[in-house]
Amino acid sequence: KQEVTQIPAALSVPEGENLVLNCSFTDSAIYNLQWFRQDPGKGLTSLLLIQSSQREQTSGRLNASLDKSSGRSTLYIAASQPGDSATYLCAVTYTGNQFYFGTGTSLTVIP
Amino acid sequence: DTGVSQDPRHKITKRGQNVTFRCDPISEHNRLYWYRQTLGQGPEFLTYFQNEAQLEKSRLLSDRFSAERPKGSFSTLEIQRTEQGDSAMYLCASSPITGELFFGEGSRLTVL
């Protein structure tokens, strides 16, 4: 069974702090890895997609890295803001047909 | 709005009733996915379409669940004889050739 683990399950930081969210997966032969945010009761919003040939992707204050050999990805958020408060999920796919999700990290940014 | 659209957003039903959810993907996306999410968990894969063909279906999906995507456009997910354990958020996503998933807002099902 393919497993995706996200640590920590919850994180609380003061506004302005830089932070790192972690995602690990059991099989290194991934096709894509994607990071999402989810607000309570809402759907998932795509943040960054990293294809298997890439090492990192950046969008604004977000930077995601991928290390297939160690089965890990990190999402770096710079200068956190209260609006960043949400649950962050990572998902991996090995074929493009089925994505495996972690249980997410719940982030709270304190003003 | 050109994102993924799901309907209804909320559905409350009694145990044993049938329910149907509809998903309209982003128009140029040929791949469509259904996921189920319960509180505190990540989304769980249900099924996947490429155009009108249903190419993959979770072994966890009982025969009470059926999905269709006629003409490779919108998709429906039907749950027959609902059970309380079916209460969840049902999420639809579509993707282009790059494989990036784009989700709708979800349809929340409550079975009483």
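Further up the page is the structure itself.
Residues numbered from 1 in each chain as written. Chains lettered and ligands numbered in written order. Predicted model: local features only at pLDDT ≥ 70, side-chain atom pairs only at ≥ 80, totals over all residues. Heavy atoms only, no water.

1. Digging into the overall build of chain A
Thought 1: A count of helices and strands for chain A gives zero helices and eleven strands.
Thought 2: Starting at the N terminus and walking to the C terminus, you meet the elements of chain A as β-β-β-β-β-β-β-β-β-β-β.
Thought 3: Taking 111 residues into account, the globule formula puts the C-alpha radius of gyration at 13 Å, and chain A, at 13 Å, falls close to it.
Thought 4: Taken over the C-alpha atoms alone, chain A extends approximately 40 × 25 × 20 Å along its principal axes.
Thought 5: The buried share of chain A, reckoned over its 111 residues, is 44%.
Thought 6: When contacts within chain A are restricted to residue pairs at least 6 apart in sequence, long-range pairs at least 24 apart make up 54% of them.
Thought 7: Approximately 5,000 Å² of chain A is accessible, and the part contributed by carbon and sulfur atoms is 48%. (Helix = DSSP H or I, 4+ residues; strand = E, 2+ residues; numbered from the N terminus. Rg over C-alpha atoms; globule rule 2.2 N^0.38 Å. Buried < 20%, exposed > 50% of the residue type's maximum accessible area, 1.4 Å probe, protein only. Contact = heavy atoms within 4.5 Å. Areas by Shrake-Rupley, 256 points an atom, 1.4 Å probe, with all protein chains shown as cover.)

2. Details of the sheet that holds strand E6 (residues 56–59) of chain A
Residues and elements named next belong to chain A.
Thought 1: Taking strand neighbours across the sheet as the criterion, the five strands line up as E1-E3-E8-E7-E6 in an open arrangement whose pairing is antiparallel. Pairing within the sheet leaves two strands with one partner each, and these edge strands are strand E1 (4–7) and E6. With strand direction ignored, the average angle separating the axes of adjacent strands in the sheet is 15 degrees.
Thought 2: Sheet analysis places strand E7 (residues 62–67) next to strand E8 (residues 72–77), joined by six bridges and oriented antiparallel. Within E8, the position partnered with leucine 62 by the bridge is isoleucine 77. (Pairing = 2+ DSSP bridges. Axes fitted to C-alpha atoms, helices over the stretch in contact; angles between N-to-C directions.)

3. Remarks on the interface of chain B and chain A
Accessible area lost upon the coming together of the parts serves often as the stated size of an interface.
Thought 1: Contacts between the two partners involve 22 residues from chain B and, on the opposite side, 19 residues from chain A.
Thought 2: For the pair chain B and chain A, the summed buried surface comes to about 1,700 Å²; carbon and sulfur atoms form 49% of the total.
Thought 3: Mapped onto the side of chain B that touches chain A, the elements with two or more residues apiece are strand E4 (31–37), strand E5 (44–50) and strand E9 (88–95) of chain B.
Thought 4: Considering each element in turn, the side of chain B that touches chain A owes the most residues, four residues, to E4 of chain B.
Thought 5: Here the side of chain B that touches chain A is built from residues that sort into nine nonpolar, seven polar and six charged. (Buried area = accessible area lost by both parts, 1.4 Å probe. Nonpolar A, V, L, I, M, F, W, Y, C, P; charged D, E, K, R; others polar.)

4. Notes on the state of the cysteines
All names here are of chain B.
Thought 1: The tally for this structure, following the rule as stated, stands at two disulfides over all chains.
Thought 2: Across the disulfide, cysteine 23 is cross-linked to cysteine 92 (sulfur-sulfur distance 1.9 Å). Linking cysteine 23 and cysteine 92, the disulfide has an S-S dihedral of approximately -70 degrees and is accordingly described as left-handed. Taken together, the residues cysteine 23 in strand E3 (residues 19–24) and cysteine 92 in strand E9 connect sequence positions 69 residues apart. (Disulfide = S-S within 2.5 Å.)

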